[in-house]
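Coordinate inspection notes
One-letter residues, chain by chain:
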Amino acid sequence: MEDLIAEISSLGSDSTNQFEILRIVSTVINEDENQSFSRELVLRVLDQRKHFEEFNEIVDALVREVGLLPYIDEDTLGLRDSLAYEFFKPINDDGSIVFHRAQADVYHKLLSGESVILSAPTSFGKSKIVDSIIELNRYKNIAVVVPTIALIDETRRRLSRFSGLYKIVTQITQEPADRNIFILTAERLNAYEKLPKIDFFAVDEFYKIGALDRDEERTISLNQAFYKLFKMSGQFYLLGPNIQQIPDNLDRDLKCYFYNTSFSTVVSEVHYIQPGEDELDSLMHLLAELDGQTLVYCKSPNRVNTVAHKLLERLDVIEDVGVNEAAEWIEGEFHEEWVFPRSLRHGIALHHGRLPRSLAQVSVKLFNDCKVKFLLCTSTLIEGVNTSAKNIVIFDHKIGNSKYDFFTFNNIKGRGGRMFQHFIGHVYIFNAPPQEELPFVDFPFYSQGENVPDSLLIQLDKADLKETSKQRLSEYFDQNTLPIELIRFNSAVNPLDQINLAKKIDELGSEDISKLIWDACPNYKQLEFCCDLIWEHLVSRGKAGVVSPKQLTLKVFSLYKDRNLKNRIAAELEPGRFQAKDADEAVEKILDFDRNWAGYTFPRLLMILDSIQRYILGPKFGAVGDYSFFAANVESFFGKSSLIALEEFGLPIQIGEKVDAQITISENIDLAISQLRGYEYDQGIYTHFEKHIIDDVKEHI
C-alpha cells in the first residue's frame, strides 16, 4: 500500500491513472473492516482533489463510504443521500455543522440522555459536539471544565454565541444568573461557592484525571471537580485523546458509555530526522525547507528562547504592519531586547507558561491568521489550544527535565493538520518516539488505590469510600487538632501537613504569635514569618525561580513596594549578585513569579495559613490575623482585580489601565465586562495595536 500512497502523492496535471487509483481505494474500503487505513487513503485523495475533478462523484461516494460527511458538497447529493445526510446534522443548527460518522454516533448517544466518555484523535472535532448539545437549549446550567486558563478564554470565545441564552461565567467572583454556562478550570470550579445544580457537564482533556504521577495537585483538583459535578446527577461528556482503557466497571458504576475510536479527519505523516552534530543547525535547515504554518515543540521556555534566537538570525524582518506594531508595543511595555517582540518582527511567535495570557493569545492569533509562519511552544500549547499547523516539529522528547510518555507524544503529534485546512499534517521527530504502551486512564476517586493521596480521599462522602480508604482516613477523623470541615475546605493541601502546621502554631511563643496577628498589609518581619511557615508546611518544592522562604518574602515584598512592571524588570538587570544575565531572563523571571506565585500559589497558601491560625489563635487569645486583604492584593498585583480578570479575556493589563483611566472600570467583573462591551473609545488615545486588541476583546466578550 505504500506504493499506492506514493502514487497519490505524486499526482500531477499530466497524470492519467486517477480512475485506477480510485478503483483500488474502493477495493480497500470494502476489505478494511474498521476503515482506518481506507479513510487515510480517502483523505490523501482529498488532499489531491484538484487532480480528480472529472471523478468528483466517485470521490464523494468514497468519502461518504468512510463516514467523512463534512467533506461532501451537499448540493451534489441525490434525494436518498440528502435524507441520509440530515442524520449527520445537529438539531437546531443553522446547517453550518455536519458531523462525520463517529461524531454523529457520540452526538446521538448524548441526545438520548446517555453520558459518554470519548477517546478520539485530536482532529476528531470533540468540541463541536459540546456546542451542538448546548444549542439544544434543553439544559438550565452547564459546566465546561478545561485544563488551563488559556483554554477558558478560547472556549469562552467559541461559546459566546450562546450569550443570548446563557450567562457565560469564567471567574469565581461572577454572580450566577438563572441560566449559566460555567467555563472553569477544576480549581476554579472547586472554589466557586455559588455553583447551582449542573444539568450537563463536559470535561475537556479528561485524561488528566489520572495523572497523579505527573501533576498531583492538578489531578486532585480535577478528581474533586468531577466528583462534585457527578454527585449532582447531571449528564456528562468526557473528551480526550488516545485513551484505550479505563478502570474495570467504571462505565457500569458511573452509568456511562466508553466510546473509543481512532476515527481521524486528517492524516499524520511522520518523518524521522537524523540530526547532525549540532541539532540546532539541523533544526534550522529543516525549518528553512518547510512550507506552510509550522509549530515547533520545545521542552521548556528557555529552550524556546534558544531556538528563537537562532532562528531569527536567519530570517528577514517581515513587512506586516500589524505584527510590527504589536512588537513595538511589547518592546515599549516590557523591554526592547526581549526575545518575544524581536521574534515577532521576524515572523516567529512564542508560546509558553511564563508569558502573560494576553500575549500568548496574540501569538496564537497571529499564527492562526498566517501573519507569522513559526510558532515555538512548550507543552502549554498541547493541552487543547487549537492551532492551524500544517507541520509539527517535535524538537525535544522531554517536558522540562522528564521524558514525555507515549501518550503525550501522541497528543503533540496529533496537532499536525487541521480539518478543512490541511488534510495531511506533517510531523517531524528529532528523537526516537517513546515505547508504545496501552494508554490507561485511572480515575483515582473511583479506584482509591494506595497511590491516591489522602487529600483527595478526604473530599469523598463516607458512603463512597472503600474500607481501606476509611481505615487510612481514620486518623484524621479521630484527631482533634483541626475540624474535618476545615481540612476539607483547604482541599489542595495534605491533611497531615495542615495538622502539623496547626500544632506548630499552637506551640508558638508570644513573640512569634504577634507576627501572625496582623491585617491589611504586613511589615517585612510578619511577612517573612508567614512565608517561613508556608514553606515549612505547605510547599513541597521550589518553582518559578523561588527556592527558599527568604526569596519568597523578598519577591512578594518587592511587588508590594513597586508594582510597576518595567521598574521591576530594570531592577533585575541592575549589577549585583543576582543580576539577570540578559533581558530575556530579567523579563521572564518577573513574569514567571507573577503568574505562578503572586497570581495563584502564594495567595492560596496564605489563605490556608489564615484559616488555620484563626482556628488555633481565636479561642486562645481572642485575636487573630486577617490576611484576606493582602492575599487579594497580591493576586491582583496590587491593582484592580477586574483588570487581572480582563487580561484573561485578551486585554493586557497595561491597556486595561489606560481604559481604566478613561472610564474607571468597576472592581465587579460583571460590571467591568458590561463597561468594556459598551466602550466607545477616543481614537487618539490608543495606538493601532491597542485599538485592535480592544476591538477584538469587545467582539468576543
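For the structure, see preceding data.
Here is a short report on the structure shown in this document.

Okay, the packing of aromatic side chains next. Inspection of the entire model under this criterion finds 32 aromatic pairs. Judged by centre distance (5.4 Å) and plane angle (40°), the rings of F226 and F445 are tilted. Taken together, the residues span a long stretch of sequence, with F226 in helix α10 (residues 216–230) and F445 in helix α18 (residues 444–447) at a distance of 219 residues. Using a relative accessible area of 6% as the deciding quantity, one classes F445 as buried.

With that settled, the discussion passes to the nonpolar core. In a soluble, globular protein the nonpolar side chains are often hidden away together inside. By size, the foremost hydrophobic cluster in this structure holds 90 residues, and its most contacted members are I117, F443, I505 and F602. Counting only domains with at least three residues in this core, you end up with domain 2 (101–260) and domain 4 (480–636). Discounting chain neighbours no more than four positions away, the residues touching F602 are L527, C531, I534, L552, V556, W597, F630 and V634. Core analysis: the next-biggest nonpolar cluster, separate from the first, contains 82 residues, L283, I394, I673 and Y686 among them.

Spatially, β3-β4-β2-β5-β6-β1-β7 is the arrangement adopted by the 7 strands of the open sheet, whose pairing is parallel. At either margin of the open sheet sits one strand with a lone partner, and together these are β3 (167–169) and β7 (256–260). Across this sheet, the average inter-strand angle for adjacent strands is 10°, counted without regard to direction. With 5 bridges connecting them, strand β1 (residues 115–119) and β7 associate as parallel partners. In the strand pairing of β7, L118 is matched with Y259. Lying over the sheet, helix α8 (residues 149–159) contacts β2 (141–145), β3, β4 (180–184) and β5 (200–204), oriented at roughly 155° with respect to β4.

Bringing the pattern of salt bridges into the picture now. As enumerated under the stated definition, the model contains 44 salt bridges in all. Between D281 and K310 there is a salt bridge, and its shortest N-O distance comes to 3.4 Å. Taken as a pair, D281 in helix α12 (residues 279–289) and K310 in helix α13 (residues 301–312) lie far apart in primary sequence, 29 residues in all. A salt bridge links E657 to R563; the shortest N-O distance between them is 2.9 Å. Taken together, the residues span a long stretch of sequence, with E657 in helix α30 (residues 653–663) and R563 in the loop between α25 (549–561) and α26 (565–572) at a distance of 94 residues. What emerges from the salt-bridge pattern is a single network uniting D153, R156, R157 and D696.

Definitions and limits used
- Residue numbers restart at each chain and count upward from 1, following the sequence in its written direction.
- Totals for whole chains, interfaces and linings use every residue, but because this is a predicted model, local features are given only for residues with pLDDT of at least 70 and side-chain atom pairs only at 80 or more, for both listing and counting.
- Just so you know, side-chain values use all the structure's heavy atoms and leave hydrogens and water out.
- Only centres within 6.5 Å qualify two rings of Phe, Tyr or Trp (six-membered ring in Trp) as a pair; their planes then separate them into stacked at under 30 degrees, edge-to-face at over 60, and tilted for everything else.
- Secondary structure elements are defined from DSSP: runs of H or I of at least 4 residues count as helices, runs of E of at least 2 residues count as strands, and each element is numbered from the N terminus.
- Residue burial is assigned from relative accessible area. The probe radius is 1.4 Å, only protein chains are included, and a residue is buried under 20% of its type maximum, exposed over 50%, and partly exposed in between.
- The set of buried Ala, Val, Leu, Ile, Met, Phe, Trp, Tyr and Cys residues whose side-chain atoms join them within 4.5 Å is what this entry labels a nonpolar core.
- Each domain's extent was defined by an automatic or database domain assignment.
- The contact definition used throughout considers only heavy atoms, calling two residues in contact when any of these lie within 4.5 Å.
- Note: two strands are recorded as paired if DSSP finds a minimum of 2 bridges between them.
- Only C-alpha atoms enter the line fits that serve as axes; for helices the fit covers just the stretch in contact. Angles between N-to-C directions range over 0 to 180 degrees.
- We define a salt bridge as a contact between a side-chain nitrogen of Lys or Arg and a carboxyl oxygen of Asp or Glu at a distance within 4 Å.

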